[in-house]
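# Topology and contacts: notes
Here are the chains, one letter per residue:
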Amino acid sequence: MPEAVISTIRVQTEDFELQAEVAALTAGRHDIGAVVSFSGLCRDEQGALSALELEHYPGMAEAEMRRIGGIAVERFSLLGLTAIHRYGKILPGENIVLVIAAAPHRQAAFDGANFVMDFLKTSAPFWKKEHAVDGTEGGWVSAKDADGEAQDKWR
Amino acid sequence: MTKLVYFAWVRERIGKPEEELEIPPNVVTVRDLLNHLKTLGEEYENALQYPEVIRVALNQEHVEHSEAIAGAREIGLFPPMTGG
């Protein structure tokens with residue numbers, strides 16, 4: 001029998017530590033054979049972007065991440081899942097999102113992390129606003145068709 | 001009274017993050033609600049000009065525009081999501 005699934009879902013302004021989160025997920029476990037992590041960072045768009053502002057729907061953001069995580073744990077028989085999404089002002093080079101999936105074998109861990117990211121992009125209520133280096137508000141980032149297509153591949 | 005909450009450019013165009021509204025009884029579905037809100041003023045008309053792109057959550061769960069809003073305590077209106 002596998003040990004209990006550890007699921008950590010957080011929405012926060014502060015940064016996260018990849019190593020610490022992996023350690024927390026795997027501490028004391030002897031059934032985990034694979035850990036895959038994805039980190040999403042803020043890019044500067046070739047020097048044009050000074051910051052991203054992340055807005056979220058408090059309560060619903062956590063609930064939706066938990067819902068997506070639950071589906072992934074079930075579908076890929078994950079042994080552990082961590083999903084952390086930051087909000088507020090985020091500078092180029094800083095972390096935005098972290099997903100860690102743990103499973104007995106690598107394929108489930110890869111697929112679990114990939115699945116969670118694809119659904120997080122299209123279903124978790126977060127919105128990015130760009131701030132340009134010249135001080136102007138670059139406006140709200142538009143949703144990409146490619147993100148919807150990435151989600152559709154899991155049907 | 002029903003609590004409406006707005007996010008991202010929907011919030012900016014309507015000009016407030018949330019409000020309590022009395023919803024008329026002939027407003028049954030999410031689609032009806034979007035059309036009703038558009039009649040409340042220029043800022044709503046501007047925010048909801050293309051209602052088909054607006055995403056809606058009832059009590060913090062995603063719903064289709066055909067969904068009935070009866071019983072919703074909180075209705076969220078926002079653009080397509082761009083997190084991750």
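Below is a short write-up of the structure. (Residues numbered from 1 in each chain as written. Chains lettered and ligands numbered in written order. Predicted model: local features only at pLDDT ≥ 70, side-chain atom pairs only at ≥ 80, totals over all residues. Heavy atoms only, no water.)

So, on to the sheet that holds strand 3 (residues 49–56) of chain A. Residue and element names in this part refer to chain A. One open sheet accounts for four strands, arranged 5-3-7-8; its pairing is antiparallel. Of all strands in the sheet, those with a lone pairing partner are strand 5 (88–90) and strand 8 (137–140), marking the two edges. Each strand of the sheet is rotated relative to its neighbour by a mean of 25°, with strand direction disregarded. Sheet analysis places strand 3 next to strand 5, joined by three bridges and oriented antiparallel. (Pairing = 2+ DSSP bridges. Helix = DSSP H or I, 4+ residues; strand = E, 2+ residues; numbered from the N terminus. Axes fitted to C-alpha atoms, helices over the stretch in contact; angles between N-to-C directions.)

Before going further, it helps to spend a moment on the packing of aromatic side chains. Enumeration according to the criterion identifies nine aromatic pairs over all chains in this entry. Look at F76(A) and W154(A): their rings are 5.7 Å apart centre to centre, the planes differ by 80°, and that puts the pair in the edge-to-face class. Within this pair, whereas F76(A) is found in the loop between helix 2 (60–75) and strand 4 (80–86), its partner W154(A) is found in the segment after helix 4 (145–152), the two being separated by 78 residues in sequence. Grouping residues by exposure puts F76(A) and W154(A) together as buried. Seen from their ring centres, F115(A) and W154(A) are 5.4 Å apart, and the 75° between their planes marks the pair as edge-to-face. In this pair, F115(A) is assigned in helix 3 (residues 106–123) and W154(A) in the segment after helix 4, connecting sequence segments 39 residues apart. Comparing F115(A) with W154(A) shows no difference in burial state: the two are buried. Put simply, the rings of Y57(A), W127(A), F7(B) and F78(B) pair up and form one aromatic cluster. (Phe/Tyr/Trp six-rings, centres within 6.5 Å; stacked < 30°, edge-to-face > 60°. Buried < 20%, exposed > 50% of the residue type's maximum accessible area, 1.4 Å probe, protein only.)

The volume enclosed by the largest pocket comes to roughly 360 Å³. Lining the largest pocket are 22 residues, and of these R43(A), K121(A), K128(A), K144(A) and G84(B) lie nearest its centre. At the level of secondary structure, the elements contributing two or more residues to the lining of the largest pocket comprise strand 2 (34–41), strand 3, helix 3 and strand 7 (126–132) of chain A. Per element, the largest residue contribution to the lining of the largest pocket is three residues, and it comes from strand 2 of chain A. Taken together, the residues that form the lining of the largest pocket break down as ten nonpolar, five polar and seven charged. Approximately 270 Å³ is the volume attributed to the second largest pocket. Taken together, the elements giving at least two residues each to the lining of the second largest pocket come down to helix 3 of chain A together with strand 3 (55–58) and strand 4 (61–63) of chain B. Tallied by class, the residues present in the lining of the second largest pocket amount to four nonpolar, four polar and three charged. (1 Å grid on protein atoms, 1.4 Å probe; cavity = no way out; pocket = protein on both sides within 12 Å on 5 of 7 lines; lining within 4 Å. Points joined across faces, edges and corners; volume = space filled by probe spheres on them. Nonpolar A, V, L, I, M, F, W, Y, C, P; charged D, E, K, R; others polar.)

Turning our eyes to something else, we now look at the sheet that holds strand 3 of chain B. Residues and elements named next belong to chain B. As summarised here, the arrangement of the five strands in space is 2-1-5-3-4, forming an open sheet in which the pairing is mixed. Of all strands in the sheet, those bounded by a partner on one side alone are strand 2 (18–21) and strand 4. Neighbour-to-neighbour, the strand axes of the sheet open up by a mean angle of 30°, direction not taken into account. Bridge analysis of strand 3 against strand 4 gives three bridges, and the strand direction is antiparallel. Paired with L58 across the two strands is E61, which belongs to strand 4.

On the side of chain A, 25 residues touch chain B, which itself brings 21 residues to the contact. On the chain B side of the contact with chain A, M81(B), T82(B) and G84(B) bury the most area, a combined 38% of that side's loss. At the junction of chain B with chain A, the criterion picks out two salt bridges. Counting every contact that joins chain B to chain A gives 14 residue pairs in polar contact (both at pLDDT 80 or more). (Contact = heavy atoms within 4.5 Å. Buried area = accessible area lost by both parts, 1.4 Å probe. Salt bridge = Lys/Arg side-chain N within 4 Å of Asp/Glu carboxyl O. Polar contact = N/O pair within 3.5 Å; in protein donor to acceptor, adjacent residues only side chain to side chain.)

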